[in-house]
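So you can see what is in the structure, the chains are spelled out below.
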Amino acid sequence: MKKAAIIGGTGYGAIELIRLLQAHKEIEITKIISQSQAGEDLAATYPHLTGIVTTEMESLDTEVLEKEIDILFLATPAGVAKNIIPSFQGTSVQCIDLSGDFRLSPEEYSEWYGKEPADAAVLEKAVFGLSDIFTEEVKAASIISNPGCFPTAALSALVPLIDGDKIHTEGIRIDAKTGISGAGKGLSEKAHFSSANENVVPYKIGKHQHIPEIERYASRFTNEDVKVSFTTHLIPMTRGLLCTIYADMKQEETTASILEHLQHYYREKPFVRILPEGQFPATKGVTGSNYCDIGAYVDERTNSIVIAAAIDNLVKGAAGQAIHNANLMNGWEETMGLEFIPVFP
Ligand SMILES: NC(=O)C1=CN([C@@H]2O[C@H](COP(=O)(O)OP(=O)(O)OC[C@H]3O[C@@H](n4cnc5c(N)ncnc54)[C@H](OP(=O)(O)O)[C@@H]3O)[C@@H](O)[C@H]2O)C=CC1
Ligand SMILES: CC(=O)N[C@@H](CCC(=O)OP(=O)(O)O)C(=O)O
């Protein structure tokens, strides 16, 4: 068994890691680090963990972690992991960061996050952990920058189309919808029940930190500089995220030919499900699971495509993908601990 620690212990990402790792055969959580509740029992905050998680939360001590831990999951807000991960350089600890600290170039990070970027030498070592696309790079990594939730869904749909030279890279439009847990456990005005309930509201228009992330990694599959229009909407549900993407085709295609291309692209990827012609993904189809469901329709009248991807933001969009990456980094079965049927209804 490898020993794991989670930093950001009382956050949503952390408690999802705890839920999923409970069933993992090779990883045991031996430390839960909390800056706000060190010394306390996590089940006192989250009663659903009563009798399951008995580990008393601790303060961060990187020297202790270095000696006692094999895998470190960082489930902290942007700006935290970049100050912690450098302490583990030169050690055998595998670091998996759920935040945006290691996903962008220093210039992009300063611009979109408004913070000082990570140390350039450490940043260079980090691999973007979009598990189903950058699988080989992840296997060789010691630092994983786990993708954002929206980029996970958007890139899973877009990359096969760009890589296969199927769509024009200008004019891509992504219409995204997310549940409230995407914002973490903190209570903001937009997440307040009275604001969010029975409401659908766009937010961060033109300012979303996932715009450069989607563009940066989509551009790896073409000589062109991919630019996207990206709109996020808050939906009154707890979990789930759906990206509906519109693009123009390069050649004449049919829905059947595109679905065949997607099937082939993901033929060895157990967590990407390409839906049959006539079906489109729904957030309820993936809730609680590590699946990314993709559906597509080619409008032959306008030679354009509508492609949609649905994920559970806390699983495939965060903790599940982090565990998938840990599996790949350690040469374990990639589905280990992640073979859940989605929760339905
Ligand atoms: N929620 C989601 O769907 C997704 C989240 N992410 C990213 O994953 C990370 C964690 O997200 P999530 O769990 O939802 O966020 P939460 O806000 O729910 O939890 C973050 C936790 O980090 C700890 N923390 C807060 N501030 C600081 C600080 N200044 N220094 C150190 N620790 C701090 C707190 O735990 P404690 O006090 O116990 O230490 C807090 O509970 C974020 O970077 C987020 O952007 C990525 C993809 C999806
Ligand atoms: C509802 C909501 O506010 N969602 C968040 C998701 C952020 C996230 O997942 O964080 P990273 O940037 O670290 O990936 C948002 O849209 O910013």
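Conventions used here
- Residues numbered from 1 in each chain as written.
- Chains lettered and ligands numbered in written order.
- Predicted model: local features only at pLDDT ≥ 70, side-chain atom pairs only at ≥ 80, totals over all residues.
- UniProt positions renumbered as here; feature names shortened; annotations may be inferred.
- Helix = DSSP H or I, 4+ residues; strand = E, 2+ residues; numbered from the N terminus.
- Buried ≥ 20, exposed ≤ 12 C-beta atoms within 10 Å, placed from the backbone.
- Contact = placed C-beta atoms within 7 Å.
- Pairing = 2+ DSSP bridges.
- Core = buried A, V, L, I, M, F, W, Y, C linked by C-beta atoms within 7 Å.
- Domains from an automatic or database assignment.
- Axes fitted to C-alpha atoms, helices over the stretch in contact; angles between N-to-C directions.
- Nonpolar A, V, L, I, M, F, W, Y, C, P; charged D, E, K, R; others polar.
- Near = placed C-beta within 6 Å.

- The protein is annotated in an unreviewed UniProt entry as N-acetyl-gamma-glutamyl-phosphate reductase from Oceanobacillus locisalsi.
- Reading the Sequence similarities (unreviewed entry) entry of the UniProt record for the protein gives the comment "Belongs to the NAGSA dehydrogenase family. Type 1 subfamily."
- For the record of the protein, the UniProt heading Pathway (unreviewed entry) holds the text "Amino-acid biosynthesis; L-arginine biosynthesis; N(2)-acetyl-L-ornithine from L-glutamate: step 3/4."

## Here we look at the overall build of the protein
- Across its full length, the protein holds 12 helices and 13 strands.
- The principal-axis extent of the C-alpha atoms belonging to the protein is close to 65 × 45 × 40 Å.
- Out of the 345 residues in the protein, the part that is buried amounts to 48%.
- When contacts within the protein are restricted to residue pairs at least 6 apart in sequence, long-range pairs at least 24 apart make up 71% of them.

## Some thoughts on the pairing of strand 13 (residues 304-311)
- With six of eight residues buried, strand 13 lies mostly within the body of the structure.
- Here eight bridges tie strand 10 (residues 241-248) to strand 13, and the two strands are oriented antiparallel to one another. In the sheet register, Ala-247 faces strand 13, and the bridge partner there is Ile-305.
- With seven bridges connecting them, strand 12 (residues 292-299) and strand 13 associate as antiparallel partners. Its bridge partner being in strand 13, Asp-293 is matched across the sheet by Ala-310.

## Digging into the nonpolar core
- Grouped together as the largest cluster of nonpolar side chains are 97 residues, with contacts concentrated most on Ile-6, Ala-154 and Cys-243.
- Counting residues per element, this core draws most heavily on helix 8 (residues 149-163), which supplies 10 residues.
- Split by domain, this core shows at least three residues from each of two domains, domain 1 (2-147 + 316-329) and domain 2 (150-313).
- For Ile-6, the contacting residues outside a window of four places in its chain are Ala-14, Leu-17, Ile-29, Ile-32, Ile-33, Phe-73 and Ala-75.

## Side note on the sheet that holds strand 2 (residues 27-33)
- With parallel pairing, six strands are arranged side by side in an open sheet as 2-1-3-4-6-5. The open sheet is flanked by strand 2 and strand 5 (126-128), the only strands paired with a single partner. Averaged over all adjacent pairs, the angle separating strand axes in this sheet is 25°, with direction ignored.
- As paired elements, strand 1 (residues 2-7) and strand 3 (residues 71-74) share four bridges and run parallel to each other. Each residue of the ladder has a partner; that of Ala-4, found in strand 3, is Ile-71.

## What to know about the domain arrangement of the protein
- Each domain of the protein was delimited in the assignment, giving domain 1 (2-147 + 316-329) and domain 2 (150-313).
- Just the C-alpha atoms count here: the centres of domain 1 and domain 2 sit 25 Å apart.
- Facing the 19 residues of domain 1 at the interface are 25 residues of domain 2.
- Sorting the residues of the side of domain 1 that touches domain 2 by element identifies helix 5 (106-113) and helix 12 (315-329) as the ones contributing at least two each.
- It is helix 12 that contributes the most residues to the side of domain 1 that touches domain 2, six residues altogether.
- Split by residue class, the side of domain 1 that touches domain 2 holds nine nonpolar, six polar and four charged.

## Focus on unusual backbone geometry
- Residues Phe-344 and Pro-345 are joined by a peptide bond in cis, for which omega reads 0°.
- Take Pro-345: it is sitting in the segment after helix 12.
- One non-glycine residue, Glu-198, lies in positive phi territory at about 55°.
- With respect to the element layout, Glu-198 can be found in the loop between helix 9 (193-196) and strand 8 (201-203).
- In the Ramachandran plot, Asn-303 falls in the positive-phi region, its phi being about 50° despite a non-glycine side chain.

## Overview of the site of ligand 2
- Taken together, the neighbourhood of ligand 2 is formed by Ala-78, Ser-99, Gly-100, Gly-148, Cys-149, Thr-178, Ile-180, Gly-182, Ala-183, Gln-209, Thr-232 and Leu-234.
- Split into classes, the residues belonging to the shell around ligand 2 amount to five nonpolar, seven polar and no charged.
- Counting residues domain by domain, the shell around ligand 2 receives three or more from each of domain 1 (2-147 + 316-329) and domain 2 (150-313).

## Focus: the UniProt feature "active site" (unreviewed entry) in the protein
- Residues given the UniProt feature "active site" (unreviewed entry) here are Cys-149.
- Here Cys-149 shows up in helix 8.
- With residues up to four places along the chain from it excluded, the contact list for Cys-149 reads Gly-182, Leu-241, Asn-313, Gly-317 and Ala-318.

## Examining the sheet that holds strand 12
- Here seven strands make up an open sheet; going across it, the order is 8-9-7-10-13-12-11 and the pairing mixed. Both edges of this open sheet fall to strand 8 and strand 11 (272-274), since each of them pairs with a single strand only. Geometrically, the sheet is characterised by an average inter-axis angle of 25° between neighbouring strands, direction not taken into account.
- Two strands pair when backbone bridges link them, and strand 7 (residues 172-178) and strand 9 (residues 228-234) are joined in this way by seven bridges, in the parallel orientation. Opposite Ala-176, over in strand 9, you have Thr-232 as the bridge partner.
- Across the face of the sheet, helix 8 comes into contact with strand 7, strand 9, strand 10, strand 11, strand 12 and strand 13 while running at roughly 35° to strand 10.
- Seen against the sheet, helix 11 (residues 255-265) touches strand 11, strand 12 and strand 13 and runs at an angle of roughly 150° to strand 12.

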